[in-house]
Amino acid sequence: MFTGLIEEIGTISGSQPQRDALRLGISASAVLEGTRLGDSIAVNGVCLTVTDISDGAFYVDVMQETLNRTSLSRLEQGSPVNLERAVLPTTRLGGHIVQGHVDGVAEVQSRTVSEHWEIVRFSLPKEISAYVVEKGSIALNGTSLTVAAVGNDWFEVSFIPTTLRETTHGQLTGGDIVNVEVDVLAKYVEKLAALK
């Protein structure tokens, strides 16, 4: 489980395609502190297992199912990625409950720049539209955010300067793809309501 508060921006240091998987090397510093083999780290919001650590980098194996559902297959050497280690029982839950289980991807449609914030509009995939509500929580590339507005096929998020500076969201441009995880509570409510 994660909070959606990004600890640092890492860099893809290597990408080794395999027949039905992808092995990624990720250069980092903060998230390596105390990390051991088998620990979970969210990479752009995708929960992955650390399989090796060496020379200021950690390595993960990404299976085909994950490649099919996320934007990880688009990463290249040098790509920046948002990183967060799994929470500890003593961690403050400053964002919302983020599992690292991506529900789909969305495309950046536009950016509106203001003096102190930016509004970014994303496409809204039909399969997750029921779970995206105004003022609700959403995780984009692993970052816990609040939905500012929703339309039939789009949603918007307002970014404060700190989020733009300390995550990869400040580098997003039109056409970029982000991983989307909806609030897991909405999915549980839907299932429970269907049982009645």
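Along every chain, residues carry numbers that run from 1 in the direction the sequence is written. Per-residue local features are limited, in this predicted model, to residues with pLDDT of at least 70; the limit for side-chain atom pairs, both in listing and counting, is 80 or more; totals at the level of whole chains, interfaces and linings are taken over all residues. In computing side-chain values, all of the structure's heavy atoms are included and hydrogens and water are not.

- Per an unreviewed UniProt entry, the protein is named Riboflavin synthase, and its organism is Corynebacterium endometrii.
- The protein has a UniProt comment under Subunit (unreviewed entry) that states "Homotrimer."
- UniProt positions are given in the numbering used here, feature names are shortened, and annotations may be inferred rather than shown by experiment. We quote the UniProt Catalytic activity (unreviewed entry) comment for the protein here in full: "2 6,7-dimethyl-8-(1-D-ribityl)lumazine + H(+) = 5-amino-6-(D-ribitylamino)uracil + riboflavin".

**Comments concerning the overall build of the protein**
- For the protein, the count of helices and strands is three helices and twelve strands.
- Its C-alpha radius of gyration of 16 Å places the protein within 12% of the 16 Å reference for a compact globule of 196 residues.
- Principal-axis analysis of the C-alpha atoms places the extent of the protein at approximately 45 × 45 × 40 Å.
- Each residue gets one of three labels from its accessible area relative to the maximum for its type: buried under 20%, exposed over 50%, partly exposed in between, using a 1.4 Å probe on protein chains only. The buried share of the protein, reckoned over its 196 residues, is 44%.
- Any two residues whose heavy atoms approach within 4.5 Å are treated as being in contact. The long-range fraction of contacts in the protein, counting pairs at least 24 apart against all pairs at least 6 apart in sequence, stands at 68%.
- To measure how exposed things are, a 1.4 Å probe is used in the Shrake-Rupley method; for residues, cover is taken only from the protein chains shown. When the accessible area of the protein is evaluated, it comes to approximately 10300 Å², of which 50% is carbon and sulfur surface.
- Only four residue types enter the tally: Lys and Arg on the positive side, Asp and Glu on the negative side; His and the chain ends are excluded. Note that the charge is assigned to NZ on lysines, CZ on arginines, CG on aspartates and CD on glutamates. On the protein, the mean spot of the 15 positive side-chain charges and the mean spot of the 24 negative ones are 6 Å from each other. Every helix listed is a DSSP run of H or I at least four residues long, and every strand listed is a run of E at least two residues long, numbered separately from the N terminus. We compute the radius of gyration over the C-alpha atoms and compare it with the globule rule, which gives 2.2 Å times the number of residues raised to the power 0.38.

**Points about the sheet that holds strand β10 (residues 143-150)**
- Here a strand pair is declared whenever DSSP counts at least two bridges between the two strands. In spatial order, the strands read β7-β8-β11-β10-β9-β12; together these six strands close into a barrel with antiparallel pairing. Strand-to-strand twist of the sheet, defined as the mean angle between neighbouring strand axes without regard to direction, takes the value 45°.
- Bridge count between strand β7 (residues 104-113) and strand β12 (residues 177-182): four bridges; the pairing is antiparallel. Residue pairing in the sheet places Val105 in a bridge with Asn179 of β12. Every axis corresponds to a line fitted to the C-alpha atoms, with the helix fit spanning only the stretch in contact, and the corresponding angles, defined between N-to-C directions, vary from 0 to 180 degrees.

**Quick notes on the domain arrangement of the protein**
- An automatic or database domain assignment supplies the start and end points of every domain. Each assigned domain of the protein is listed here: domain 1 (8-85) and domain 2 (104-194).
- Here the quantity called buried area is the accessible surface, traced with a 1.4 Å probe, that two parts lose on coming together, added over both. Carbon and sulfur atoms supply 46% of the area that domain 1 and domain 2 bury against each other, a total of about 880 Å² over both sides.
- Area buried by domain 1 at its contact with domain 2 is led by Ile9, Asn44 and Asn82, which between them contribute 44% of it.
- One side-chain nitrogen of Lys or Arg within 4 Å of one carboxyl oxygen of Asp or Glu is enough to make a salt bridge. In this assembly, domain 1 and domain 2 are joined by zero salt bridges.

**Quick word on the nonpolar core**
- Among the nonpolar cores identified, the biggest contains 21 residues, and Ile26, Val43, Phe58, Val62, Leu72 and Leu83 are the most heavily contacted of them.
- Sorting the residues of this core by element identifies β2 (21-27), β3 (40-43), β4 (46-54), β5 (57-63) and β6 (80-85) as the ones contributing at least two each.
- If we ignore the near neighbours within four places in the chain, the residues touching Phe58 are Leu24, Gly25, Ile26, Ala28, Val31, Leu32, Ile41, Val43, Val50, Asp52, Ile53 and Leu83. Take the buried residues of types Ala, Val, Leu, Ile, Met, Phe, Trp, Tyr and Cys, join any two whose side-chain atoms come within 4.5 Å, and each joined set is a nonpolar core.

**Quick word on the packing of aromatic side chains**
- For this analysis, a ring pair means two rings from Phe, Tyr or Trp (six-membered ring only for Trp) whose centres lie within 6.5 Å, classed as stacked if their planes differ by under 30 degrees, edge-to-face if by over 60, and tilted for the remaining angles. Scanning all chains against the criterion turns up one aromatic pair.
- To sit over a ring, a charge needs its Lys NZ or Arg CZ within 6 Å of the ring centre and within 35 degrees of the ring normal. Sitting over the face of the ring of Trp154, Arg121 holds its NZ or CZ atom 3.6 Å from the ring centroid.

**As for the environment of Ser15**
- Looking at the secondary structure, you find Ser15 in strand β1 (residues 8-18).
- Placed 124 residues apart in sequence, Ser15 and Ala139 show a C-alpha to C-alpha distance of 25 Å.
- Residues in contact with Ser15, not counting those within four places in the same chain, are Leu22, Arg23 and Leu24.

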